[in-house]
There are 2 protein chains.
Amino acid sequence: MTIYDISEKAGVSIATVSRVLNGSSNVSEKTRKKVLDVINRYEYTPNAFARGLGLNTMKTIGILCADSSDLYLAKGIYYIEQKLRSNGYDSLLCCTGYTLENRINSLNLLINKKVDSVVLVGSNFIYENEENNRYICNAAAQVPIMLLNGALDAPNVYSIVSDDFTSMYEATCQMIDSGVNDILYYYNSASYSGKRKLAGYRLAMEERDLLKSPELLQFYRGSHEDIPAMTEHLKQLHRDGLSFHGLIAADDTLALSAIKYAGELGIAIPSELSIIGYNNSMLVNSCVPELTSIDNKLETLCQHLISTLLGVLDGREMPKKTIFSGELVRRGTTR
Amino acid sequence: MTIYDISEKAGVSIATVSRVLNGSSNVSEKTRKKVLDVINRYEYTPNAFARGLGLNTMKTIGILCADSSDLYLAKGIYYIEQKLRSNGYDSLLCCTGYTLENRINSLNLLINKKVDSVVLVGSNFIYENEENNRYICNAAAQVPIMLLNGALDAPNVYSIVSDDFTSMYEATCQMIDSGVNDILYYYNSASYSGKRKLAGYRLAMEERDLLKSPELLQFYRGSHEDIPAMTEHLKQLHRDGLSFHGLIAADDTLALSAIKYAGELGIAIPSELSIIGYNNSMLVNSCVPELTSIDNKLETLCQHLISTLLGVLDGREMPKKTIFSGELVRRGTTR
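From a predicted model like this one, the values you see are computed outputs, not experimental measurements.

Draft legend 1. Here's a closer look at the pairing of strand 2 (residues 90-95) of chain A. Residues and elements named next belong to chain A. Within strand 2, 5 of the 6 residues are buried, which leaves it mostly tucked inside the rest of the structure. Judged from the 6 bridges that link them, strand 1 (residues 60-65) and strand 2 form a sheet pairing that is parallel. Note that in strand 2 the partner of Cys65 across the bridge is Cys95. In this fold, the crossover linking strand 1 to strand 2 by way of helix 5 (residues 71-86) has right-handed handedness.

Below is the structure:
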C-alpha cells in the first residue's frame, strides 16, 4: 500500500497525506484523523516509520542504473558502493535498460527487498513528460530517493547534479577564444544531462552568431561503445563536404572516435582539429594526443550524495538539490 | 541454518545430508530419519524445497562481482542481466571488492534477500586455499551457485569457463611463429584465470627454450585503469635495458599502455614491437594501430551460464563444468 492508495481511500490529496506522515501541524484535526484511520485500517507502515522505531532497517541501499557497461555509470556505481560500504551499508544494484517498464519493475523489486533508500545513477531516469516521472514519486512515498546527476522536484527526492550546462558553455567559449569558429557538436543522448550539455554549447555558439548550420549538431544513434561506427559517421560527414575545425563531444568515447577519424584522414590535432571530450574518463590517457576533457567531478558528486543520504536516514533536514561545477582538463587535443 | 549445521547436529557427513536432501536412494533409512528429524526440529527449508512446492520463488537471481568499474566484469554483468531479464528473471548485484570478508557478507546478503541462485562473475572469487572457498560451498547448500570464468568442484556449483590457458598458449605460439622470440608477458592479476593465462604463455615459451630471463614476466601492481602508470612502468623497463620485440598482455588496458609506450619512444608497431591484448574489449578499436586481442567469447559464456542455470532451476541435470575456446582476433599490432 502506497501513499497514493491512502490518498485515494481517505479522499485527500497526496500532499496532505505526506503532511500527516511528516507530522506537519498544517493539517486540520479532522483530516488528520481521516488519514490515520485509513493507515490503521490497512496497516500501512512506511519504511521511515519502522526505521524511526529502530525496526526493519537492513542497512541496505538499492542502486538503479540503466547499463553497467557504460563507463561513466559503472564508475558512479563503483564510487557509491565503496562509500556505502565504508559507512556500514550494503548495496543492491539493478540494471534497468532504458525502458520505463523495466525501471518501474526494478524500482519495485528493490523496495520489496526492504532497502532503506534507492539511488538512481544517471540522468536518463528523468523523463521530460512529468507523468512518466510518477514512478519515482511513488517510490519516494516509501523510501528516500537519491538522484545522481538528475533532478526532480518532489517530496523525499534529493538531487545531486553536475552543472553540465555551464561546463559545456565554458568549454565551448574557450575553444572559440582559441580561434576555432566552426565547432561540430557530437552527442548520443537526449537525457536530462544530455539536453543541458547541448544547451550550453548552443548558447556559446549563438551568442557569437556561429551556429551557421544545423549540420553542426550531429547525433550518433548507434551503440555507445562502437568506436569504428562513430568514426565512420564522421568520415561520412567529411565526404559530404561538412567542414569543422573543432569538435566537442558529449562523451569521451565519441571524442576518441574523432581522434581516430583525424588520424585516418591525416588531419593534424590540434592545429587543424581541436577536440574536447566529456567525463574525463580512463579513456583520455589511452590515445595520442591525450584528450582534453571536462571533469564533472563524479567522485565528489557521489561523496556528497552519500552524505546527504546518511543525513536523511538520520532524520536531519538536508538540501533537496545540490549543484557542483565541472572543470576543463586541458591535454593535447586543444590549443 | 545451513547444511553444515544439519550435518553437525545429525552427526553425519555433509555429503550424506546432501544425499538426503536430493532424495538419493543411497542412504540408510536410519540415517535418513536422523537427518530429517534435525531438519524438522529446526524448520530448515532450503530454497530448493520451497521452489519445488511452488513457494517462495521471487524469480530473482543474485550477481556478485568484485568491481563494476572493471570493463570485463561490467560487460559480463551486462550480458547476464540482459539474458536473465529476457527469461523473466530480475537480478540483484553486489560489488564485493577483493576481500574475503566482504565476499562472504555480500553472498549472505543476497541469499537473505531470497534469490533463487547467485552468479559469481570473474575468476577472482576462487581462492587457491581450499578452506577459503568454503563460503561458496556454504552458499551452495542453499541455492545453486554459478561461476563465470572460475571453477570449483563442489555440490550445487556450476562452472562456465573460457579456456584461458589454451588461448594464451596458442597466441604466444603464433607470435613466436611470426618471428618474435623475446616476448614480454605483462599482467596484473593472479586470479584463477590470471594463473591459467600465465601458464599458457610460459609453456609456449619454455617448449622453445625462449624464457631466458624472469624479467620477461612483468607484474603491474597499480590501478587497473591507470594507463599512464602502466606506460611509465614499461618505459622504466626500457631505461633499465630490458629488450623485447613482443608483448603479450593479460588485459587490453595493459596492451593499450604498450601501444602508448611504443608511440612515445618511437618504436614501430608491429615491425619493432608486436602486441597482443586480452578480452577483445571496446578498447581494441580506440587506438592506432588497432589492437590484436584474444576474444574469450564472454557473451557465449554468459548465454551458456544462463541456460545452465535455468536448467538447474527447472530440476534438470546439467553439466557441472563447461569450457569454451577463445580466439585470436588479428588487427594492426601483430604481423
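There is more to say, and it comes next.
Draft legend 2. Broad picture of the pattern of salt bridges. All names here are of chain B. Taken as a whole and judged by the stated rule, the model has 22 salt bridges over all chains. Notably, a salt bridge pairs Lys297 with Glu327, separated by 3.5 Å at the nearest N-O pair. With Lys297 in the loop between strand 10 (292-295) and helix 12 (298-313) and Glu327 in strand 12 (residues 327-329), the pair connects residues that are 30 residues apart, well separated along the chain.

Draft legend 3. Region of interest: the pairing of strand 4 (residues 145-148) of chain A. Residues and elements named next belong to chain A. Residues Ile145 and Leu147 line one face of strand 4 and the alternating positions Met146 and Leu148 line the opposite face, and both faces are buried. Pairing between strand 3 (residues 117-121) and strand 4: 4 bridges, direction parallel. Bridging from a neighbouring strand, Val118 pairs with Ile145 of strand 4. Between strand 3 and its parallel partner strand 4, the chain crosses via helix 7 (residues 134-140), and the hand of that crossover is right-handed. Pairing of strand 4 with strand 5 (residues 157-162) involves 4 bridges; the strand directions are parallel. Bridged to Met146 within strand 5 is Tyr158.

Draft legend 4. The packing of aromatic side chains, seen in detail. This structure, assessed with the given rule, holds 16 aromatic pairs over all chains. On the numbers, 6.4 Å between centres and 65 degrees between planes, the contact of A:Tyr186 with A:Tyr220 is edge-to-face. You can see A:Tyr186 sitting in strand 6 (residues 183-187) and its partner A:Tyr220 sitting in the loop between strand 7 (217-219) and helix 10 (227-239), a full 34 residues away along the chain. Overall, the relative accessible area of 0% leaves A:Tyr186 in the buried class. The exposure class assigned to A:Tyr220 is buried, which follows from its relative accessible area of 7%. Judged by centre distance (5.9 Å) and plane angle (20 degrees), the rings of B:Phe244 and B:Tyr261 are stacked. Here B:Tyr261 lies in helix 11 (residues 252-265) and B:Phe244 lies in the loop between helix 10 (227-239) and strand 8 (246-249), a separation of 17 residues in the sequence. The class for B:Tyr261 is buried, based on a relative accessible area of 2%. Sitting over the face of the ring of B:Phe125, B:Arg103 holds its NZ or CZ atom 4.6 Å from the ring centroid. Over the face of the ring belonging to B:Tyr192 we find B:Arg196, whose NZ or CZ atom lies 3.6 Å from the ring centre.

Parameters at a glance
- Residues numbered from 1 in each chain as written.
- Chains lettered and ligands numbered in written order.
- Predicted model: local features only at pLDDT ≥ 70, side-chain atom pairs only at ≥ 80, totals over all residues.
- Heavy atoms only, no water.
- Buried < 20%, exposed > 50% of the residue type's maximum accessible area, 1.4 Å probe, protein only.
- Helix = DSSP H or I, 4+ residues; strand = E, 2+ residues; numbered from the N terminus.
- Pairing = 2+ DSSP bridges.
- Right-handed = clockwise from strand over helix to strand, strands pointing away.
- Salt bridge = Lys/Arg side-chain N within 4 Å of Asp/Glu carboxyl O.
- Phe/Tyr/Trp six-rings, centres within 6.5 Å; stacked < 30°, edge-to-face > 60°.
- Lys NZ or Arg CZ within 6 Å of the ring centre and 35° of its normal.

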